[in-house]
Amino acid sequence: MADPYRIATFAAPLSRDGPGLLLRDIQRGDDPQLTAIQGIITLHTPDVLVLTDFDYDLDGLALAAFAATLGPDYPYRFALQPNAGLSTGFDLDGNGRLGDERDAHGYGRFAGDGGMAILSRFPILETQVTDLSATLWKDVPGATLPQVAGAAFPSAAAQDILRVSSTGHWIVPLALPDGAALSLLVFSATPPVFDGPEDMNGLRNRDELRFWQAVLDGNFGAVPPGFVITGNANLDPKGGAGYTDAMAAFLRHPSLQDPLPDKNTADWPEDGPGNLRVSYVLPSADWTVIDAGVFWPKPDEPERALIGEDGLSAGPHRLVWVDISR
């Protein structure tokens, strides 16, 4: 058996209030939250890391600067412009104003706000990447689009152009040293809250997950062998807001393995959502799972210093990792 590969995802809070501010904070080197995030990543030494709340810039300056803080371990980096902050030209939240954060294809204070990024020890085959992020919501098989009083919300015209991906859906192949195929199926879904009686975010969150199911079922071309679905689904299979049954059903898909059943991955205050499972690393069935875990140190463990006494020094989300091999 070949040496295992560690695949990890981390919804670390690496977005800021405006473009360029993340790069500024990385270059200053004095942000305690960034220090905690970097320490957690370094502790786990993933071979491939998917970040699901990382501000995008066209030249990849912030991502390159962040990778440099982790040493020479991640020579390969990848990001695409997310749907977050990408203008639709419609009043999607129905508040009578255009250009708000919620009027973009995905919630965003600016173009690129809270995107996704990949850091890898292995070459990323960028010319073979499949970007499904422009897929329209209405084109997802079985999609349920929001309505109010039987009419399309906010309008039929808006639904004709609205993408299902609030951030993105990517298929990113990597060249592993042993020649085995590995494709990352990466996404970050909208939280199923912060909407109205039309349940726009709840329905969209569910259909962002259903989109991957449609991909696995061959509706958008052949699925590459040796894949791993990873990212922030913002959906727990048992509790919290949203269509939990959709998450539970997805985890039972015959082409997937679930190495961490019943493991929470986020720690919100008890007067909020509480502890939930929202981030996932799900290898395809043709991988052998060697080990898996969620970084959630106990109060008496030395690693606890990385997340602080309140557990929030690096944000409410925990790094999730899975070791796989052939």
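For the structure given in this document, a descriptive report is provided here. (Residues numbered from 1 in each chain as written. Predicted model: local features only at pLDDT ≥ 70, side-chain atom pairs only at ≥ 80, totals over all residues. Heavy atoms only, no water.)

### Here we look at the packing of aromatic side chains
This is how it is decided: The aromatic pairing rule takes the rings of Phe, Tyr and Trp, using the six-membered ring of Trp, and pairs them if the centres are within 6.5 Å, calling planes under 30 degrees apart stacked, those over 60 edge-to-face and the rest tilted. A run of H or I in DSSP counts as a helix once it spans at least four residues, and a run of E counts as a strand once it spans at least two, with each numbered from the N terminus. Partly exposed describes any residue whose relative accessible area lies between the buried limit of under 20% and the exposed limit of over 50%, with all areas from a 1.4 Å probe on protein chains only and scaled to the type maximum. Two thresholds decide whether a charge sits over a ring: the Lys NZ or Arg CZ must be within 6 Å of the ring centre and within 35 degrees of the ring normal.
Tallied over the entire structure, the rule returns six aromatic pairs. Taken together, a centroid distance of 6.1 Å and an interplanar angle of 85 degrees make the contact between Phe 187 and Trp 212 edge-to-face. Separated by 25 residues along the polypeptide, Phe 187 in strand β9 (residues 181-188) and Trp 212 in helix α5 (residues 200-216) bring together distant segments of the chain. With a relative accessible area of 4%, Phe 187 lands in the buried category. A ring pair is formed by Phe 211 and Trp 212, whose centres lie 6.4 Å apart and whose planes are at 10 degrees; its orientation type is stacked. Accessibility assignment for this pair places Phe 211 and Trp 212 in one class, buried. Site record: aromatic cluster; members linked through ring pairs are Phe 187, Phe 211, Trp 212 and Phe 220. Sitting over the face of the ring of Tyr 243, Arg 206 holds its NZ or CZ atom 4.0 Å from the ring centroid. Taking the ring centre of Trp 287 as reference, the NZ or CZ of Arg 326 above it sits at 4.0 Å.

### As for the side chain of Ser 166
To keep it simple, the criterion reads: As used in this structure description, the phrase polar contact means that two N or O atoms lie within 3.5 Å; if the pair is within protein, one of them must be able to donate a hydrogen and the other to accept it, and residues adjacent in sequence are counted only when both atoms belong to side chains. Contacts: residue pairs with any heavy atoms within 4.5 Å of one another.
Along the chain, Ser 166 turns up in the loop between α4 (156-159) and β8 (169-175). The buried category is assigned to Ser 166, whose relative accessible area is 6%. Reaching out from Ser 166, the side chain makes a polar contact with the backbone oxygen of Ser 188 at a distance of 3.5 Å. Ignoring any residue separated from it by four or fewer positions in sequence, one finds Ser 166 in contact with Asn 83, Ala 84, His 105, Gly 106, Ser 188, Ala 189, Thr 190, Arg 204 and Glu 208.

### Here's the deal with the sheet that holds strand β13 (residues 279-283)
Adjacent strands of a sheet form backbone hydrogen bonds with each other and so pair up, either parallel or antiparallel. Stated formally: DSSP-based pairing: two strands are paired if at least 2 bridges between them are found.
Here we have five strands laid out as an open sheet, ordered β5-β8-β9-β10-β13, and mixed in their pairing. Edge strands, defined here as strands with exactly one partner in the open sheet, are β5 (130-131) and β13. By the bridge criterion, six bridges tie β9 to strand β10 (residues 227-232) in an arrangement that is parallel. Paired with Leu 184 across the strands is Val 228, a residue of β10.

### Section: the sheet that holds strand β4 (residues 115-120)
Selection criterion: Simply put, an axis is a line fit to the C-alpha atoms, just over the touching stretch for a helix, and the angle between two N-to-C directions goes from 0 to 180 degrees.
If you walk across this open sheet you meet the six strands as β3-β4-β2-β1-β15-β14, and the pairing is mixed. The open sheet has two edge strands, β3 (76-78) and β14 (288-294), and neither has a second partner. Across the sheet, the axes of successive neighbouring strands diverge by a mean angle of 15 degrees, strand direction being ignored. Taken together, the six bridges between β14 and strand β15 (residues 320-325) define a ladder with antiparallel strand orientation. Bridging from a neighbouring strand, Val 289 pairs with Ile 324 of β15. On the sheet, helix α2 (residues 32-44) packs against β1 (5-10), β2 (48-54) and β15 and is oriented at approximately 160 degrees with respect to β1.

### Some details on the nonpolar core
Here is the rule we go by: Buried residues of nine kinds, namely Ala, Val, Leu, Ile, Met, Phe, Trp, Tyr and Cys, make up a nonpolar core once their side-chain atoms join them within 4.5 Å.
Counting residues in each nonpolar core, the largest one holds 31 residues, and the members touching the most others are Trp 212, Ile 229, Met 247 and Phe 250. Elements that contribute at least two residues to this core include exactly β9, α5, β10, α6 (244-251) and β13. For this core, the element with the highest residue contribution is α5, accounting for seven residues. Apart from the residues lying within four places of it in its own chain, the contact partners of Ile 229 are Leu 185, Phe 187, Trp 212, Leu 216, Phe 250, Leu 256, Tyr 280, Val 281 and Leu 282. With 29 residues, the next largest nonpolar core counts Leu 34, Leu 49, Ala 62 and Trp 321 among its residues.

### A look at the pairing of β2
β2 sits mainly inside the fold: six of its seven residues count as buried. Here β1 pairs with β2 via four bridges, running parallel. Within β2, the position partnered with Phe 10 by the bridge is Leu 51. In this structure, β2 lies alongside β4, joined through five bridges in antiparallel fashion. Counted as the bridge partner of Phe 54 is Gly 115 from β4.

### Points about unusual backbone geometry
Cis geometry marks the peptide bond from Phe 153 to Pro 154; its omega dihedral reads -5 degrees. Not every positive phi belongs to a glycine, and Thr 45 is a case in point at roughly 40 degrees. With respect to the element layout, Thr 45 can be found in the loop between α2 and β2. Classification of Thr 45 as partly exposed rests on a relative accessible area of 40%. Phi at Phe 194 takes a positive value of approximately 65 degrees, unusual for a residue other than glycine.

### Digging into the pairing of β8
Among the seven residues of β8, six are classified as buried, and the element is accordingly described as predominantly covered. Relative to β8, β5 is paired through two bridges, and the arrangement is antiparallel. When the sheet's bridge partners are listed, Asp 131 is paired in β8 with Trp 170. Two strands pair when backbone bridges link them, and β8 and β9 are joined in this way by seven bridges, in the antiparallel orientation.

### Remarks on α6
With six of its eight residues buried, α6 lies for the most part within the structure. Within the sequence span of α6, burial applies to Thr 244, Ala 246, Met 247, Ala 248, Phe 250 and Leu 251.

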